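Close look at the chain arrangement
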Amino acid sequence: QVQLVESGGGLVQAGGSLRLSCAASGGTSSSYAMGWFRQAPGKEREFVAAISWTGLSTYYATPMKGRFAISRDNAKNTVYLQMNSLKPEDTAVYYCAASSDKYYTGSFYYKYDYWGQGTQVTVSS
């Protein structure tokens with residue numbers, strides 16, 4: 001069983017940056033592929049980015065390419081999402097997720113076995 005706790009959300013102006021963190025505990029958390037998703041009010045959950053357990057493979061949703069960067073520090077059991085050039089449409093609750101398929105870097109939410117409680121990101125215009 002893996003527990004995931006996100007942090008780093010907050011209020012930022014458009015064009016600003018935030019770095020989200022996801023701390024994992026329990027099991028062998030470093031052996032999981034990790035992903036970030038987000039959900040805005042009234043909208044479906046949306047894939048943001050994913051990273052393999054080694055950190056060598058990453059994948060981004062098209063709107064995030066060039067603005068967001070996912071990384072991980074397995075020694076700290078932590079995954080990060082650096083978000084730059086934020087836009088008001090990036091406003092959402094951001095969730096991290098862990099997949100027991102440690103090489104998976106895809107966008108299918110059902111491939112992820114564990115989820116955090118989410119952290120709110122609000123981008124003002």
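Refer to the preceding data block for the structure.
Here's what I pulled together on the structure shown here.

What counts, and where the lines are drawn
Residues numbered from 1 in each chain as written. Predicted model: local features only at pLDDT ≥ 70, side-chain atom pairs only at ≥ 80, totals over all residues. Heavy atoms only, no water. Salt bridge = Lys/Arg side-chain N within 4 Å of Asp/Glu carboxyl O. Helix = DSSP H or I, 4+ residues; strand = E, 2+ residues; numbered from the N terminus. Buried < 20%, exposed > 50% of the residue type's maximum accessible area, 1.4 Å probe, protein only. Contact = heavy atoms within 4.5 Å.

The next thing to look at is the pattern of salt bridges. In the structure shown here, the tally under the stated rule is 4 salt bridges. The partner of glutamate 46 in a salt bridge is arginine 38, and the shortest N-O contact between them spans 2.7 Å. Put simply, arginine 38 and aspartate 90 hold a salt bridge, and the shortest N to O gap is 2.8 Å. On the criterion of sequence distance, the pair formed by arginine 38 in strand β4 (residues 33–39) and aspartate 90 in the loop between β8 (78–83) and β9 (92–99) is long-range, its members being 52 residues apart. Arginine 38 sits in the buried class, given a relative accessible area of 6%. Take aspartate 90: its relative accessible area is 1%, and that puts it in the buried class. Look at the salt bridges and you will find they share partners, linking Arg38, Glu46, Arg67 and Asp90 into a network.

Attention shifts here to the environment of phenylalanine 108. Mapped onto the secondary structure, phenylalanine 108 falls in the loop between β9 and β10 (114–115). Given the relative accessible area of 47%, phenylalanine 108 is considered partly exposed. When the C-alpha positions of phenylalanine 108 and glutamate 46 are compared, they lie 9.5 Å apart, and in sequence the two are 62 residues distant.

Position of alanine 40 relative to the elements: it lies in the loop between β4 and β5 (46–51). As for alanine 40 and glutamate 89, which are separated by 49 residues in sequence, their C-alpha atoms are 8.7 Å apart. Among all residues touching alanine 40, those that are not within four sequence positions of it are Thr91 and Ala92.

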